[in-house]
Amino acid sequence: MSEQRQIITNRVAFLETKIPSYAAVLGIVCLLVVWEIICRLEIVPPLFLPAPTAILLAGWDMIASGELYKDLIASLYRIGVGYAIGAALGVLVGLILGFSRWTDAIASPIVYSIYPIPKIALLPLIILWMGIGEMPKVAIIALGVFFPVVINTFSGVKNVDPMLIKAAVTFGSNHLNVIRKVILPASLPMIFAGLKLSAGTSLLLLVSAEMVAAQEGIGAMVLHYGNLMITTKLMVGVLILSLLGLTFNRVLQWLERKLIPWK
């Protein structure tokens, strides 16, 4: 019996494997080293794929000249405001849809019919409504964030154990307390799944909107240097977008650990 138990323990040992903290950094470093070697050996022409060291030097020059700050600040403002608005409305509407059957029956078909539409295709219409300025770009990001969050929040609410809700109502909780103390905490894992998914969507929409209708921003910078065939500075923009995506993910993971310690 003990031998069988040991065999089972060995088979499931991979589930308890301790991963060192440097593992994520190691993967990125290996990728950069291979990339640098390929460029040094000129397997790919520098015009098509500049070396990481050349990109870093170009980035340093852009920082020293102050060129990068205005584009970065413009993009951070747009994505910060758009993401916050879209996420807040998405969680609120998702909770309402999941809690109220009438709202679910009336509004869910509308949400699911609009969701598949590519949001960037609506940018000309939004510009027509809101004019040329920051609002259309913020609105298109908020719209792209809203739908993944509302759908994931709705799914999280629907998957809450009905016994928990009945127990809360039995002990005298009103609707607001049921949502705040039972439904919202139980839905947090799905809400964070939607927030993580929409983080990538927000970056895609940010770049697309800035390429179409902006003079400043990381997307406009990438388009500008792409037209000039200055690929080192173009790749600086790509690197910044990659770092923004990584930062988004890490911040959301940290918040998830703080708000869902039992997960």
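Since the structure is predicted, the reported quantities are computational estimates derived from the model, not experimental observations.

## Some details on the UniProt feature "domain: ABC transmembrane type-1" (unreviewed entry) in the chain
Okay, step 1: Residues annotated by UniProt as "domain: ABC transmembrane type-1" (unreviewed entry) correspond here to residues 72-252.
Okay, step 2: Along residues 72-252 one finds 86% helix and 0% strand; the C-alpha atoms at either end are 21 Å apart.

## Quick notes on the environment of Gly 66
Okay, step 1: Relative to the helices and strands, Gly 66 resides in the loop between helix H3 (52-65) and helix H4 (67-99).
Okay, step 2: Taking relative accessible area as the criterion, Gly 66 reaches 32% and is therefore assigned partly exposed.
Okay, step 3: Taking the C-alpha atoms as reference points, Gly 66 and Leu 244, 178 residues apart in sequence, are found 19 Å from one another.

## Notes on the packing of helix H8 (residues 162-170) against helix H9 (residues 175-213)
Okay, step 1: In the contact formed by H8 and H9, the axes pass within 10 Å of each other and the chain directions differ by 145°. Classified by chirality, the crossing of H9 by H8 is right-handed. Every residue of H9 that contacts H8 at Leu 164, Ile 165, Ala 168 and Val 169 is listed here: Val 178, Val 182 and Ile 183.
Okay, step 2: Residues of the contact of H8 with H9, tallied by class, amount to seven nonpolar, no polar and no charged.

## Some thoughts on a nonpolar patch on the surface
Okay, step 1: Together, Val 25, Val 29, Val 33, Ile 37, Leu 41 and Ile 43 make up a nonpolar patch on the protein surface, roughly 550 Å² of accessible area in all.
Okay, step 2: One can find Ile 37 in helix H2 (residues 23-40).
Okay, step 3: According to the relative accessible area criterion, Ile 37 is partly exposed, its value standing at 45%.

## Re unusual backbone geometry
Okay, step 1: Positive phi outside glycine occurs at Glu 42, with the angle close to 60°.
Okay, step 2: With respect to the element layout, Glu 42 can be found in the loop between H2 and H3.
Okay, step 3: Even without a glycine there, the phi angle at Met 229 is positive, about 60°.
Okay, step 4: By the secondary structure assignment, Met 229 is in the loop between helix H10 (218-227) and helix H11 (231-259).

## A closer look at the nonpolar core
Okay, step 1: In this structure, Tyr 83, Leu 195 and Val 236 are the most contacted members of the largest nonpolar core, which totals 48 residues.
Okay, step 2: The set of elements that each furnish at least two residues to this core consists of H2, H3, H4, helix H6 (123-130), helix H7 (134-158), H9, H10 and H11.
Okay, step 3: With 13 residues, the single largest contributor to this core is H9.
Okay, step 4: Not counting residues within four places of it along the chain, the set of residues in contact with Val 236 comprises Ile 55, Ala 58, Gly 59, Met 62, Leu 68 and Met 221.
Okay, step 5: Among the nonpolar cores identified, the runner-up in size contains seven residues, and Val 111, Phe 147, Val 150 and Ile 151 belong to it.

Parameters at a glance
Residues numbered from 1 in each chain as written. Predicted model: local features only at pLDDT ≥ 70, side-chain atom pairs only at ≥ 80, totals over all residues. Heavy atoms only, no water. UniProt positions renumbered as here; feature names shortened; annotations may be inferred. Helix = DSSP H or I, 4+ residues; strand = E, 2+ residues; numbered from the N terminus. Buried < 20%, exposed > 50% of the residue type's maximum accessible area, 1.4 Å probe, protein only. Axes fitted to C-alpha atoms, helices over the stretch in contact; angles between N-to-C directions. Left-handed = near helix turned anticlockwise from the far one by under 90°. Contact = heavy atoms within 4.5 Å. Nonpolar A, V, L, I, M, F, W, Y, C, P; charged D, E, K, R; others polar. Patch = residues over 30% accessible without salt bridge, like charges linked within 9 Å, V, L, I, M, F, W, Y side chains within 5 Å. Areas by Shrake-Rupley, 256 points an atom, 1.4 Å probe, with all protein chains shown as cover. Salt bridge = Lys/Arg side-chain N within 4 Å of Asp/Glu carboxyl O. Core = buried A, V, L, I, M, F, W, Y, C linked by side-chain atoms within 4.5 Å.

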